[in-house]
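# Survey of secondary and tertiary structure
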Amino acid sequence: MDRPAAKPELIDPFGRTVSYLRVSVTDRCDFRCVYCMSEHMSFLPKRDLLTLEELDRLCSAFIARGVRKLRLTGGEPLMRRDVMVLIRALGRHLETGALDELTLTTNGSQLARFADDLFAAGIRRVNVSLDTLDDARFQQITRWGRLPQVLEGIGAAKRAGLKVKINTVALKDMNEAEIPSLVEWAHGEGHDLTLIETMPMGDIDGDRTDQYLPLSDVRRTLSSRWTLDDLAERTGGPARYVRVKETGGKLGFITPLTHNFCESCNRVRLTCTGTLYMCLGQEDAADLRAPLRASQTDELLHAAIDEAIGRKPKGHDFVIDRAHRRPAVARHMSLTGG
């Protein structure tokens, strides 16, 4: 397919160009991580999901409007039946130069099976969620996960030629003491690692104030152990990076609570039902499924996208403390797209 015809870029009310789209291809996951979802989740019926062809058309519409980076998420994206059909189709935008990067966030459980196919489709980098290297703790955090399966997947990704970044949610009194060893392991394997503060999204059968660990405290602890040199680079996301002098590796911090990262937000999120969230931490959303299905051409769809970007807020309202026990937003991260 030819490169999409040039259309006006997507610029929000605060002058930020939207060039990064995160797409949840499924809300289903084979883990039940304690900070992400309830153990007994009710998932969307399959009839509510966009087809793979519709997801391709939606993503392509955003690419035609200047989106340069596309990340597929979930749930666990590799659980979506025939997901490689979508990934291979989207790879055409890499070939034309319309898209700079097509990437994936995964829990790693299916990576051993898909790593070679992902590389062949044009993906060069994946983010893998991994919060511990301890078997028992891994099962405690994920409830249903198996650590050896994930480590096997990470190894397969590395052998396939994929650059792996490890994402670790910092959890008070759970993996807090293990963070230095996680950094050493990741850097020793040649992987970058990014630490993430837990976010107040969805009912998780617990109190997030018991999980919340400010990364300002973590960085202070790590700084007493290693030399952390700030880096100016950005990867299109909210992380701020340092180089750990002693390991030589890169360490990121995503701090939605201790340091709001909204001022440079260049991204929006699309769910597997065609709902566009202009901000992770706000409930305002736009239905793109209706205009997508109303016409075989994309004029109505582009008008709906324009209207939605015109409502993109300046920032989120995330708060975690004893006075704010309820989640800031009711939907789960697995629905929005991690």
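How each quantity is defined
Residues numbered from 1 in each chain as written. Predicted model: local features only at pLDDT ≥ 70, side-chain atom pairs only at ≥ 80, totals over all residues. Heavy atoms only, no water. Disulfide = S-S within 2.5 Å. Helix = DSSP H or I, 4+ residues; strand = E, 2+ residues; numbered from the N terminus. Salt bridge = Lys/Arg side-chain N within 4 Å of Asp/Glu carboxyl O. Buried < 20%, exposed > 50% of the residue type's maximum accessible area, 1.4 Å probe, protein only. Pairing = 2+ DSSP bridges. Axes fitted to C-alpha atoms, helices over the stretch in contact; angles between N-to-C directions. Contact = heavy atoms within 4.5 Å. Parallel < 35°, antiparallel > 145°, perpendicular 65-115°, else oblique. Left-handed = near helix turned anticlockwise from the far one by under 90°. Nonpolar A, V, L, I, M, F, W, Y, C, P; charged D, E, K, R; others polar. pLDDT = per-residue confidence, 0-100. Core = buried A, V, L, I, M, F, W, Y, C linked by side-chain atoms within 4.5 Å. Right-handed = clockwise from strand over helix to strand, strands pointing away. Arc of directions from axis to C-beta. Phe/Tyr/Trp six-rings, centres within 6.5 Å; stacked < 30°, edge-to-face > 60°. Lys NZ or Arg CZ within 6 Å of the ring centre and 35° of its normal.

Under the counting rule described, the total for this entry stands at 0 disulfides. Unpaired in terms of disulfides, C36 finds its nearest cysteine sulfur in C33, a separation of 6.3 Å.

G75 follows G74 through a cis peptide bond whose omega is 20°. Take G75: it is sitting in the loop between β2 (69–73) and α2 (83–90). The residue D82 is not glycine, and still its phi comes out positive at about 60°. For D82, the location among the structural elements is in the loop between β2 and α2. You will see that R143, though not glycine, has its phi angle at about 70°, which is positive. Mapped onto the elements of the fold, R143 is located in the loop between α5 (135–142) and α6 (147–160).

Turning our attention to the pattern of salt bridges. One pass over the structure, following the stated rule, counts 17 salt bridges. Of the charged contacts in the structure, one is a salt bridge between E54 and R293, with a shortest N-O distance of 2.7 Å. Remark: R293 occurs in helix α9 (residues 289–294) and E54 occurs in helix α1 (residues 52–64); sequence separation between them is 239 residues. What makes R293 partly exposed here is its relative accessible area of 45%. Where salt bridges share partners, they join K69, E101 and R125 into one cluster.

With that out of the way, let us pick up the sheet that holds strand β5 (residues 163–170). Ordered by their spatial adjacency, 12 strands build an open sheet running β7-β8-β9-β6-β5-β4-β3-β2-β1-β10-β11-β12, and the pairing between neighbours is mixed. Each edge of the sheet is formed by a strand with only one pairing partner; in this case those strands are β7 (228–230) and β12 (285–287). Taken over all neighbouring pairs, the strand axes of this sheet differ in orientation by 25° on average, direction set aside. Against the sheet, α6 makes contact with β4 (125–129) and β5, and its axis sits at roughly 150° relative to β5, the strand it touches most. Helix α7 (residues 179–188) rests against β5, β6 (192–197), β8 (240–244) and β9 (250–254) of the sheet, and its axis sits at about 150° to β6.

Running from amino to carboxyl end, α2 crosses helix α4 (residues 111–120) at an angle of 20°, the nearest separation of the two axes being 10 Å. Here α2 lies roughly parallel to α4, going by the angle between them. Where α2 crosses over α4, the handedness of that crossing is right-handed. Contacts from M84, I87 and R88 of α2 reach α4 at F114, D117 and L118. Looking at the contact of α2 with α4 residue by residue, the class counts come to 4 nonpolar, no polar and 2 charged.

Of the residues in the protein chain, 85% reach a pLDDT of 70 or more, and the chain-wide mean stands at 88. Note that pLDDT drops below 50 for residues 318–329; the model gives that stretch 37 contacts with residues more than four away or on any other chain.

All right, on to the nonpolar core then. Core analysis: the biggest nonpolar cluster contains 90 residues, and L21, L118 and L276 have the highest contact counts within it. No other element matches the 7 residues that α1 contributes to this core. Discounting chain neighbours no more than four positions away, the residues touching L118 are L78, M84, I87, L104, L111, I123 and L162.

Here the focus is the pairing of β4. The buried fraction of β4 amounts to 4 of the 5 residues, a majority that puts the element mostly inside the structure. Crossover strand β3 (residues 101–106) to β4 through α4 is right-handed. Where β4 meets β5, 5 bridges bridge the pair, whose relative direction is parallel. Across the sheet, N127 pairs through a bridge with K165, a residue of β5.

Looking at where K69 falls in the secondary structure, it is placed in strand β2. Assessed through its relative accessible area of 9%, K69 is described here as buried. In this structure the C-alpha to C-alpha distance between K69 and Y20, which are 49 residues apart in sequence, comes to 4.8 Å.

L301, H302, A304, I305, A308 and I309 are the residues of helix α10 (residues 299–309) that are buried. For α10, the angular spread of buried residues about the axis comes to 160°, placing them on one side. Of the surrounding secondary structure, the elements contacted by the buried residues of α10 are α1, β10 (267–270), β11 (275–277), β12 and α9.

Summed over the entire model, instances satisfying the criterion amount to 1 aromatic pair. For the ring pair F31 and F138, a centre distance of 5.9 Å and an interplane angle of 90° mean the geometry is edge-to-face. With a gap of 107 residues between them, F31 in the loop between β1 (20–24) and α1 and F138 in helix α5 connect regions that are remote in the sequence. Judged by its relative accessible area of 4%, F31 falls in the buried class. Since its relative accessible area comes to 3%, F138 is described here as buried. Lying across the ring of F119, R124 places its NZ or CZ 3.7 Å from the centre. Cation over ring: K250 sits above Y241, and NZ or CZ is 4.8 Å from the ring centre.

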